[in-house]
Each structure stands twice: as C-alpha cells, then as structure tokens.
Amino acid sequence: MSTVDVSAALDALEALAANASTSSSGPLNRLLNEHFTVARERILAGSPPKQVITELQTNLARAKKDVEKGLKAWYSALGNVGKSVDKSFPPNLSAISAAYDDPPLFVDAAASKALDNIVLDSLGRRGLWDAVEAFEEETDLHYNSEKRVLSEELYRIVHDIESGNLSSAIQWTNENKDFLAAPPHPSSLPYHLHRAVFLSFTDRMKALEYARAHLFAYMSTQPVLALVTSCLYSGADESPYANDPAPLASMFITDYCRRHGWAREDPLEVVVDLGSRGGALNAIEKARRVMGERLGNVRKWEELPMEVPLPPNRRYHSVFVCPVSKEQATESNPPTMLSCGHVVARESLTRMVKSGKRSAKCPYCPQETALTSAQRLYF
Ligand SMILES: [Zn+2]
C-alpha cells in the first residue's frame, strides 16, 4: 500500500539524521574539533604558521565537500518524502473535492476542526508529544489531558513488552481483571503474558511453581496442561513452544483500547489507507471520468456505487445477514451456528424446527442440529 512508501521515505530521512557523517551537526563538529583545534595546537606548539594554515585550507576544502555531500543526501531524501506523499494521493485532490461537494470539503469551520481533531488524536496515538504541542499552538485545540496520561501509560507498557519486560503489562491486566474476563469477549491476554513468563524460565522447578501460581487458573479455557508438560522436553530449544511467541504488544494494544473505548486503529491512518491512491478516492475519480455529472454528489450517497477492493486487514464485517430470512441479525435475533458450521439467524433456526422435534436440518447440508447445540456467534 502507498503509505508504506511514505514510511520508507521517512525512515531514510531518520537514518540520515542518525548517521554522524550526514547529521545536521556531525560534519561541522568534526570541522571544528578536528581541524581547527589541531591547527591551533600545532601553532601554539611552534609549528610554522604558514604551513599549518595551508594545510588547514586543504582540510577545510575537503570538509566542505563532505558537508555538501551530506546536504545532497538530505535534499534527495526530503524530495523522496514529498514524492511519496504525492504518489499516495490522486494528483488533483482539490479539484476532486470541489467536484463532489457543495460546498467543497473542509471549508466550513466545523469540518476543519473535525479534521484537526483527528490529526491531533493521531499524533497523540503515536506518542509524538512535541508535535502535539506544536499542533495545539497552531490550532487552538487541546489534547485531552486525561487521554494523554492514558496514551503515555500505553506507550510505556508497550515499550516494556517490546523490550522483554512483562511485569507492567501483567500488573495492568491484574488491575483490569474483571473487565478482561467479562463476556462476550473474554481476553486471552493475561494467559498469554503468564505463558510467556513461564516459557522464559530455564529452571524447570521454578517454571512449574510459576505455572501453579499463575497458569492453572486458565485451565478451563486454555491448553494449560499441554503447555506445562513442555517442561519435559530435554532442551528449551526442542520444545514446540520455543519459536512460538504470541504477538503480545499488539494483543495488549487491542485490549487497552477496548478498555478505554478507543478505536484499536488510528482513524486517520485507516481513512488515509482506504482513501488514498489505489483505494476509494481513486475508484471515485475513475467513475467520475467515465460517468461525469451523472454520478451526482458524493455526500448524498449511502454507499459507493462502485466496488472498491480492500486489503484483507481492512475488511470489516460488523453485519450478518441471515441467508434464509435475508434479514440483518440483531441483539434479539443473533447469528447462530449449527453443528455443521453453517450460520443462520436464531429466528430462522426456530422456524426450521418441525413441530414435536428438538432438532433442525441445516438448509445447506444434510446435517441435523439439536437446538441445544446451536451456538450464538459474536461479530
Ligand atoms: Zn450445514
């Protein structure tokens, strides 16, 4: 996807800043430290000044070339960032906005403010607090201070997880135990955190002690016994769990966002990802070229009048339509899975049960499902 190009270009820029030979102060510092200091010391020590200065001039000319080389790399990297951003969006964004909307997008104050708020939120989500402060000054918006405290906690714990320290994450799961265990979506994060600690022990007795204290509680929902018996493998490397770490950081982010009612993904990132070149905006622009005025005004559409293929991680299925009744599932008429794996709405299942029977035949395959074994599904 196009945003990858942008992040690759930004990474290249950061690499330049981190490299001593191209960082903003590196070559100049070298010039001052190496050449000027050395020349001064040599003159003070009695070397002929004329010779020292001639040599200094040669060194300076060489150092200048280094600085110029570094600058060239910066210009080229900066240019690449601009180009990759341009490439990610249709070239005539403002024309598209003017063509589809009346008034054009983001001209009224409320819309601009909404956009600014999303940008501010996105900066906070990335932990870019310097940028948040600069943006606050420019827009008169204020990042919610309570949310900032939470975002910082999230960052701190994710950083801990990534550097192999799980104690802060485990503490958080203990503090939020009831929430995490609550149906309909009990979290497996606490189990996976303890599992990772268990697997990190080299001393088997200590590992077993840890399992007894922290893992056996999950016996009814997780394969605890199989995990614990992995101690019997002669070497840690032979264990089937050796190279099977759970994605703890992303699991933690998911649960943390759920705990505080935040969208799991950055809304700005999702919108840019879906809308940018290759996404919805491109499809709309193509349709406009083909259909012209007949396409009408985007704001009046309830759904896009064309197919927009989405990458798998951007496909959201929050709606279930029963294949039998063609009705959308609701809380009182939820999707229900039959023993064969086929899914219908509960009311359809009830209607499928013939009088006097306690089971129903699946409308798609020959299998019968006892009413008691049909399971409610959550999307
Ligand atoms: Zn079936």
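If you're wondering where the values come from, they're calculated on a predicted model, not measured in any experiment.

How each quantity is defined
- Residues numbered from 1 in each chain as written.
- Predicted model: local features only at pLDDT ≥ 70, side-chain atom pairs only at ≥ 80, totals over all residues.
- Helix = DSSP H or I, 4+ residues; strand = E, 2+ residues; numbered from the N terminus.
- Buried ≥ 20, exposed ≤ 12 C-beta atoms within 10 Å, placed from the backbone.
- Contact = placed C-beta atoms within 7 Å.
- Pairing = 2+ DSSP bridges.
- Expected span 1.5 Å × (residues − 1).
- Arc of directions from axis to C-beta.

Student: Whenever I open this one, the overall build of the chain confuses me. Can you help?
Tutor: When its secondary structure is counted, the chain shows 16 helices and 5 strands. Within the chain, the fraction of its 379 residues that count as buried is 13%. Sequence separation of at least 24 residues holds for 53% of the intrachain contacts in the chain that already meet a minimum separation of 6.

Student: Which parts of the structure should I look at to understand the sheet that holds strand β5 (residues 375-376)?
Tutor: Hydrogen bonds along the backbone pair up the strands of a sheet, which may run parallel or antiparallel. Taken together, the 3 strands give an open sheet; going across it, the order is β2-β1-β5, and neighbouring strands pair in antiparallel fashion. Only two strands of the sheet have a single neighbouring strand rather than two, namely β2 (343-345) and β5. Strand direction decides the pairing type here: strand β1 (residues 335-337) and β2, joined by 3 bridges, are antiparallel. When the sheet's bridge partners are listed, P335 is paired in β2 with A345.

Student: Honestly, helix α7 (residues 145-162) in this entry has me stumped. Any pointers?
Tutor: Because each turn of an α-helix spans 3.6 residues, side chains separated by three or four positions end up pointing in the same direction. Here α7 spans 26 Å end to end across 18 residues, near enough to the 26 Å set by a 1.5 Å rise per residue. Listing the buried residues of α7 in full gives S151, L154, I157 and I161. Take α7 and look down its axis: the buried residues cluster within an arc of 135 degrees, on one side only. For α7, exposure combined with an orientation more than 90 degrees from the buried face picks out S145, V149 and R156. For α7, the secondary structure elements touched by its buried residues are α5 (109-125), α8 (167-175) and α13 (248-259). Among the residues trailing α7, G164 stands out with phi positive, at a value near 90 degrees.

Student: Honestly, the environment of M337 in this entry has me stumped. Any pointers?
Tutor: Here M337 lies in strand β1. Once you skip the residues sitting within four places of it in the chain, M337 turns out to touch V343, A374, Q375 and L377.

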